[in-house]
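This is what each chain is made of:
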Amino acid sequence: MRLRLALLAAPLLLANAEVPPPVKAMLDAAMASGNEAEVATVAKYARAAAPETADAIAASVDAWRKERAAKREAALREAGPLDLWHGRAELGGYLTTGNTHDIGVSGAVDLSRETLRWRHKIHLAADYKESAGIVSREHYLAGYEPNFKFSPRGYVYGAAQYESDRFLGYTSRYSASLGAGYSAIKQPGVTLDLELGPAYRDTAFTDGTTESSVAARGSLDFDWKLTRAVSVSQAASAYVQHFNSTVSSTTALNAKLIGPLAARFSYVVQYESMPPLGRVGTDTTSRASLAYSF
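What this report covers is the structure whose coordinates are included nearby.

Conventions adopted
- Residues numbered from 1 in each chain as written.
- Predicted model: local features only at pLDDT ≥ 70, side-chain atom pairs only at ≥ 80, totals over all residues.
- Heavy atoms only, no water.
- Core = buried A, V, L, I, M, F, W, Y, C linked by side-chain atoms within 4.5 Å.
- Buried < 20%, exposed > 50% of the residue type's maximum accessible area, 1.4 Å probe, protein only.
- Helix = DSSP H or I, 4+ residues; strand = E, 2+ residues; numbered from the N terminus.
- Contact = heavy atoms within 4.5 Å.
- Axes fitted to C-alpha atoms, helices over the stretch in contact; angles between N-to-C directions.
- Parallel < 35°, antiparallel > 145°, perpendicular 65-115°, else oblique.
- Left-handed = near helix turned anticlockwise from the far one by under 90°.
- Patch = residues over 30% accessible without salt bridge, like charges linked within 9 Å, V, L, I, M, F, W, Y side chains within 5 Å.
- Areas by Shrake-Rupley, 256 points an atom, 1.4 Å probe, with all protein chains shown as cover.
- Salt bridge = Lys/Arg side-chain N within 4 Å of Asp/Glu carboxyl O.
- Pairing = 2+ DSSP bridges.

Let us look at the nonpolar core. Soluble globular proteins: nonpolar side chains tend toward being buried together. In this structure, Val19, Val23, Leu27, Ala30, Met31, Val39, Ala43, Ala46, Ala56, Ile57, Val61 and Trp64 together form the largest nonpolar core, which totals twelve residues. Those elements that place two or more of their residues in this core are helix H2 (21-33), helix H3 (36-49) and helix H4 (54-78). Not counting chain neighbours up to four residues away, the residues in contact with Ile57 comprise Val19, Val23, Leu27, Ala43, Ala46 and Arg47.

Moving on, we come to the packing of H3 against H4. Contact geometry for H3 and H4: axes closest at 9 Å, N-to-C directions at 165°. Judged by the angle between their axes, H3 and H4 are roughly antiparallel. Crossing hand, H3 versus H4: right-handed. Along its contact with H3, which presents Glu36, Val39, Ala40, Ala43, Ala46 and Arg47, the element H4 presents Ala54, Ile57, Val61, Trp64, Arg65 and Arg68.

Time to look at a nonpolar patch on the surface. A cluster of nonpolar side chains, contributed by Leu257, Ile258, Leu261, Leu290, Tyr292 and Phe294, occupies part of the molecular surface with about 630 Å² of accessible area. Tracing the backbone through its elements, the reader meets Phe294 in the segment after strand E12 (282-293). Residue classification places Phe294 among the partly exposed residues on the basis of a relative accessible area of 46%.

Here we take up the pairing of strand E2 (residues 103-114). Of the strand pairs in this sheet, strand E1 (residues 85-97) and E2 are connected by eleven bridges, and their pairing is antiparallel. Following the sheet pairing, His86 is matched in E2 by Ser112. Linkage of E1 to E2, two consecutive antiparallel strands, is achieved through a turn of five residues, within which Gly98 is found at a positive phi near 115°. The sheet contact formed by E2 and strand E3 (residues 118-131) spans ten bridges and is antiparallel. Along E3, the bridge assignment pairs Arg113 with His120. Following E2, the chain reverses through three residues before pairing antiparallel with E3.

By the secondary structure assignment, Val135 is in strand E4 (residues 134-149). Along the primary structure Val135 and Lys186 are separated by 51 residues, whereas in three dimensions their C-alpha atoms are 43 Å apart. Residues within four places of Val135 in sequence aside, it is in contact with Tyr128, Lys129, Glu130, Arg166 and Phe167.

So, about the pattern of salt bridges. Inspection of the entire model under this criterion finds 18 salt bridges. The residue Asp127 makes a salt bridge to Arg137 at a minimum N-O spacing of 3.3 Å. Of the two residues, Asp127 sits in strand E3 while Arg137 sits in strand E4, which places them ten residues apart along the sequence. Note on Asp127: relative accessible area 1%, which makes it buried. For Arg287, the salt bridge is made with Asp127, and the minimal N-O distance between the two is 2.5 Å. One end of the pair, Arg287, is in strand E12; the other, Asp127, is in strand E3, with 160 residues separating them in the sequence. An identical accessibility class is assigned to Arg287 and Asp127; each is buried. A cluster of three or more residues bridged by salt bridges with shared partners is formed by Asp127, Arg137, Asp165, Asp283 and Arg287.

Any functional reading would require information beyond the geometric quantities listed.
This is the structure we're talking about:
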């Protein structure tokens, strides 16, 4: 009988075992940093150093995660429409091949806001080059995408975009799309979002013709944080239609410098399946810029 009681009480005694002060200090410091990866690493080695307190360490980490999640949820619920916005502004130079062969300046602003159910993304970009009074590169883009999250990974998206690039053969292009998205990878440091849906595009070409057509839109957005200072990203989208289809891709490497400043190197490819006469179908842009996160 005494042996049975001892066996039943053993798990409770282990769960209540006191964590050694040095181990607890390391665990508390990791939790104070707010870095999930650091907490998991310290907890792993703390359990190895003091296996008799493994249950207590696990309970402490679990309580920290629940408290953190509760605080985050409360902050999201109480946030006003102008709160929770984050963004990045970048300014730099570029080297182009294709329809133009120039060196110029480019700028971009990305804004995002995420709540419990909604996510908003705004993207603004401009490339401009003028030499001896002659403009040889002029590209403008503005896009807005709201997402409604109906599950931890699934969401419905809307997308509206304006684009102008007469060196690619069009003075203006308006696009609108509505479809479904899925977060295929959603882990600390790695994310992958996939989207698919119908779209409508209206394009005014430089030769005076216009085209309005229904299209299919697909996109992917991949981000991978290699280290605390270095990350890579890949964003691609495709509008497939009966006449002129468009595929665009942006591959970027980001390296933190000082505080909110980072160096950003990107390579952009844009393909038009049926460009106007006298234009090539593929343009590439290589950029090196400074980015400021806020």
